[in-house]
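Report on the structure
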Amino acid sequence: MNWEAFPPRVHIQEVVTRDGLQIEPRFLPTADKIALIDALSQTGVSKIEVTSFVSPKAVPNLADAREVARAITRRPGVTYVALVPNLRGAQEALDAGMNELNLVLSVSETHNLANMRMTPAQSLAGFRAIVEAARGTQTTLNGSIATAFGCPFEGAQPEPKVLEMIENFLNIGLHSVTLADTTGMANPRQVAHLVAAVRRQFGALPLTLHFHNTRGMGLANVLAALDAGADRFDASLGGLGGCPFAPGATGNISTEDLVHMLDEMGVYSGVDLARLLERARALPSLIGHDIPGQVAKAGRSGDLHPAPTRLAAS
Ligand code: COA
Ligand code: ZN
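The sections below set out a description of the structure shown in this document. (Residues numbered from 1 in each chain as written. Chains lettered and ligands numbered in written order. Predicted model: local features only at pLDDT ≥ 70, side-chain atom pairs only at ≥ 80, totals over all residues. Heavy atoms only, no water.)

Once that is clear, we can look at the packing of helix α9 (residues 218-227) against helix α10 (residues 255-265). Helix packing geometry: the angle between the two helix axes and the distance between the axes. The contact between α9 and α10 brings their axes to 11 Å, and the two run at 50°. What the angle tells us is that α9 and α10 run oblique. α9 and α10 meet at a crossing whose hand is right-handed. In this structure, α9 contributes Leu219, Val222, Leu223 and Leu226 to the contact, and α10 contributes Asp257, Leu258, Met261, Leu262 and Met265. When grouped by side-chain class, the residues that make up the contact of α9 with α10 number eight nonpolar, no polar and one charged. (Axes fitted to C-alpha atoms, helices over the stretch in contact; angles between N-to-C directions. Helix = DSSP H or I, 4+ residues; strand = E, 2+ residues; numbered from the N terminus. Parallel < 35°, antiparallel > 145°, perpendicular 65-115°, else oblique. Left-handed = near helix turned anticlockwise from the far one by under 90°. Contact = heavy atoms within 4.5 Å. Nonpolar A, V, L, I, M, F, W, Y, C, P; charged D, E, K, R; others polar.)

Here is the structure:
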């Protein structure tokens, strides 16, 4: 591990109100979503994935996308993102004044059919139309490759297939790329290899890593990605999240656990961990169940406890 070569700043991109809420058993009231996003805007995260403009039949929890996008307070310096699957969603997201559209497809045909009800090639054709629709606006376009590190139906996805999809994204005019480990199948060695390959082939392309902690490898994967030259990570408050159309999906890496690890290692993210922990600790009462994130429960490494009284000198 080359600690000295770590990036001077790591960007944290919060996805709890999109990835986090899409799989929750209950609909979080619109006013609570807005309040949560407004609080997250004060924490120092670089981007917030606010919602998805998708079919309300596919993801009922995000059926209030338009209202949420309209009502949040936009803080300068924060990029407000919405996930879109097709041209219709993109048009609605552009109308809602999103700063960035996150165009998602799976490199695995089977998962794309399950999630988006079309082939990856059909998704890509839709993205071309979105590039046209966004032309002349200030809105940036990020392309996300889901199941980039493995698909719950097909298994491993060959690295050249993933690299070819990045090439396709750049050829049609997308500005940045996310590699998403939809169901936590990535391991650190695989991550290091793929990130290094992307850096070799695409240089300084803005690249985000989106990890799920389904098999406990989430933060190890972050470390491997950092070492290979990545500096942007999606993460979800409390570690909520998961794709409703991927069997066995569980939460993203937890934002507060990630920021705690970076803080402890002296890697700057600009995120205020105390504020983040406050919101993470408020999540269980908001969503009605415990959260997977660990630091919200354990406290920071530096939160010391009083020594047992029996040790006191008498
Ligand atoms: N936003 C809102 N509604 C949309 C929409 C969008 N972006 N795109 C399509 N719809 C509506 C259609 O109007 C139609 O409504 P109706 O049944 O009331 O007439 C319905 O959704 C189905 O439309 P169709 O074009 O036939 O789409 P589909 O059923 O083949 O589904 C998607 C395709 C992409 C819209 C759907 O699979 C989807 O939204 N997937 C997103 C899944 C997701 O978010 N997964 C987790 C994140 S990775
Ligand atoms: Zn995800």
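Together, Met1, Trp3 and Met265 line one region of the surface with nonpolar side chains, adding up to about 320 Å² of accessible area. Among the secondary structure elements, Trp3 is positioned in the segment before β1 (11-14). Judged by its relative accessible area of 49%, Trp3 is partly exposed. (Patch = residues over 30% accessible without salt bridge, like charges linked within 9 Å, V, L, I, M, F, W, Y side chains within 5 Å. Areas by Shrake-Rupley, 256 points an atom, 1.4 Å probe, with all protein chains shown as cover. Salt bridge = Lys/Arg side-chain N within 4 Å of Asp/Glu carboxyl O. Buried < 20%, exposed > 50% of the residue type's maximum accessible area, 1.4 Å probe, protein only.)

Quick look at the coordination of the zinc ion (ligand 2) now. Note on metal geometry: ideal angles are 109.5 degrees for four donors arranged tetrahedrally and 90 or 180 degrees for six donors arranged octahedrally. Protein ligation of the zinc ion (ligand 2) involves Asp19 (OD), His210 (NE2) and His212 (NE2), the donor distances falling in the range 2.0 to 2.1 Å. Between consecutive donors of the zinc ion (ligand 2), the numbers of intervening residues give the motif D-x190-H-x1-H. With Asp19 in helix α1 (residues 16-22) and His210 in strand β7 (residues 207-211), this pair connects stretches of sequence that are 191 residues apart. The two residues Asp19 and His210 agree in class, both being buried. (Donors = N, O, S within 2.8 Å, 3.2 Å for Na, K, Ca; no water.)

Orientation of helix α4 (residues 87-95) relative to helix α6 (residues 120-134), taken along the N-to-C sense of each, is 25°, at an axis distance of 9 Å. When the axis of α4 is compared with that of α6, the two are roughly parallel. Judged by the sense of rotation from one axis to the other, the crossing of α4 with α6 is right-handed. Of the residues in α6, those touching α4 at Leu87, Ala90 and Leu94 are Ala129, Ile130, Ala133 and Ala134. The residue makeup of the contact of α4 with α6, split by class, is seven nonpolar, no polar and no charged.

The next thing to look at is the site of ligand 1. Lining the immediate surroundings of ligand 1 are 19 residues, of which Ser55, Lys57, Asn86, Arg88 and Asn115 lie closest. In the environment of ligand 1, a nitrogen atom lies 3.2 Å from a nitrogen or oxygen atom belonging to the backbone of Val54. Within the side chain of Asn86, one N or O atom sits 2.9 Å away from a nitrogen atom of ligand 1. Isolated, ligand 1 exposes 920 Å² of accessible area, and the fraction of that covered by the protein chains is 69%. Elements with a minimum of two residues in the shell around ligand 1: α1, α4 and α5 (109-116). A per-class count over the shell around ligand 1 returns 10 nonpolar, five polar and four charged. (Near = heavy atom within 4 Å. Polar contact = N/O pair within 3.5 Å; in protein donor to acceptor, adjacent residues only side chain to side chain.)

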